[in-house]
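The lines below spell out each chain.
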Amino acid sequence: MRVLLNETQLLDGVRQLAAKIDEHYQGRPLTVVAVMTGSVVLFADLIRMLSMPLRVGVIQASSYRGGVKAGELAVDTDMLLDLQGRDVLLVDDIFDTGRTLERLTKIVQDRGAQSVQSAMLLRKQRTHDVPIRPDFVAFEIPDEFVVGYGLDYRDMYRNLPYLAILDEDEIARTSETHAAAKPIDPQAVASGNG
Ligand SMILES: O=P(O)(O)OC[C@H]1O[C@H](OP(=O)(O)OP(=O)(O)O)[C@H](O)[C@@H]1O
Ligand code: HPA
């Protein structure tokens, strides 16, 4: 694992992101929507640095289940708050293919938001699959799989306070561990044979 951005660099980046957002909205009330789960750490830091009156909501989007490549995108809007006539800012950890942001922007527009913008901690330097781009970005990063500060590989590493590149051999090793792990049989555990 190679550290790409340490704790201090991340917080400086988030501070600058907040300043750009503050400057854009000029104190107008804002509804910020966290794209779960990856944005959880960024979101907690960012909203405490913003100065305008805030409403806070969440939406869940998931397409990297168990791997480093995007699969089918599943979106859960059950916990999304009312967006009718609101200025909405989607907050996510990374813009990679761009498909998550494209889909969520459409959902927010369909809910009657007055405006939709997006803030990302990271944008990968790669060809994106969609025409849409994030409005506020803290860091441009190389096209490598990264973990930490909310970002995961197979639901691990989100709690790292820094951002790191996960090397190919570490990805392969973790994949093998998962393939070898047997699901627990609750009956065997109950009978003492588990
Ligand atoms: O630009 P894209 O290629 O669409 O990738 C970006 C999305 O991928 C990650 O979510 P993931 O699907 O891994 O779910 P998670 O937030 O639960 O980790 C990340 O948090 C973004 O939401
Ligand atoms: O590089 C990444 N790391 C973790 N999650 C991701 N989701 C999209 N790209 C990435």
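For clarity, every value in this text was computed on a predicted model and none was experimentally measured. (Residues numbered from 1 in each chain as written. Chains lettered and ligands numbered in written order. Predicted model: local features only at pLDDT ≥ 70, side-chain atom pairs only at ≥ 80, totals over all residues. Heavy atoms only, no water.)

**Points about the site of ligand 1**
Here comes step 1: By nearness alone, 18 residues border ligand 1, and Ser63, Tyr64, Asp92, Thr97 and Thr100 come closest of all.
Here comes step 2: At a separation of 2.8 Å, an oxygen atom of ligand 1 approaches a polar backbone atom of Asp96.
Here comes step 3: Here ligand 1, which alone exposes 490 Å², has 94% of that area covered by the protein.
Here comes step 4: Among the secondary structure elements, those contributing two or more residues to the shell around ligand 1 are β3 (54-62), β5 (87-95) and α3 (99-110).
Here comes step 5: Here the element with the most residues in the shell around ligand 1 is β5; it accounts for four residues.
Here comes step 6: Partitioned by chemical class, the residues of the shell around ligand 1 number five nonpolar, seven polar and six charged. (Near = heavy atom within 4 Å. Polar contact = N/O pair within 3.5 Å; in protein donor to acceptor, adjacent residues only side chain to side chain. Areas by Shrake-Rupley, 256 points an atom, 1.4 Å probe, with all protein chains shown as cover. Helix = DSSP H or I, 4+ residues; strand = E, 2+ residues; numbered from the N terminus. Nonpolar A, V, L, I, M, F, W, Y, C, P; charged D, E, K, R; others polar.)

**Overview of the site of ligand 2**
Here comes step 1: Near ligand 2, the surroundings consist of Tyr64, Ile94, Asp96, Lys124, Glu144, Phe145, Val146, Leu151 and Asp152.
Here comes step 2: Taking Asp96, its side chain carries an N or O atom lying 2.7 Å from a nitrogen atom of ligand 2.
Here comes step 3: Take Lys124: an N or O atom from its side chain is 2.9 Å from an oxygen atom of ligand 2.
Here comes step 4: Protein burial of ligand 2: of its 260 Å² of free accessible surface, 93% is covered by the chains.
Here comes step 5: Residue classes in the shell around ligand 2 are distributed as five nonpolar, no polar and four charged.

**Some details on the sheet that holds strand β7 (residues 136-141)**
Here comes step 1: Ordered in space as β4-β3-β2-β5-β6-β7, the six strands form an open sheet in which the pairing is mixed. In the strand order of this sheet, the two ends are held by β4 (74-76) and β7, each with one partner. Here the average twist between neighbouring strands, direction ignored, is 25°.
Here comes step 2: Pairing analysis gives seven bridges linking strand β2 (residues 30-36) to β3, with the strands arranged parallel. Within β3, the residue paired with Val32 across the bridge is Val56.
Here comes step 3: Each of β2, β3, β4, β5 and β6 (115-124) touches α3; the most contacted strand, β5, lies at about 165° to it. (Pairing = 2+ DSSP bridges. Axes fitted to C-alpha atoms, helices over the stretch in contact; angles between N-to-C directions. Contact = heavy atoms within 4.5 Å.)

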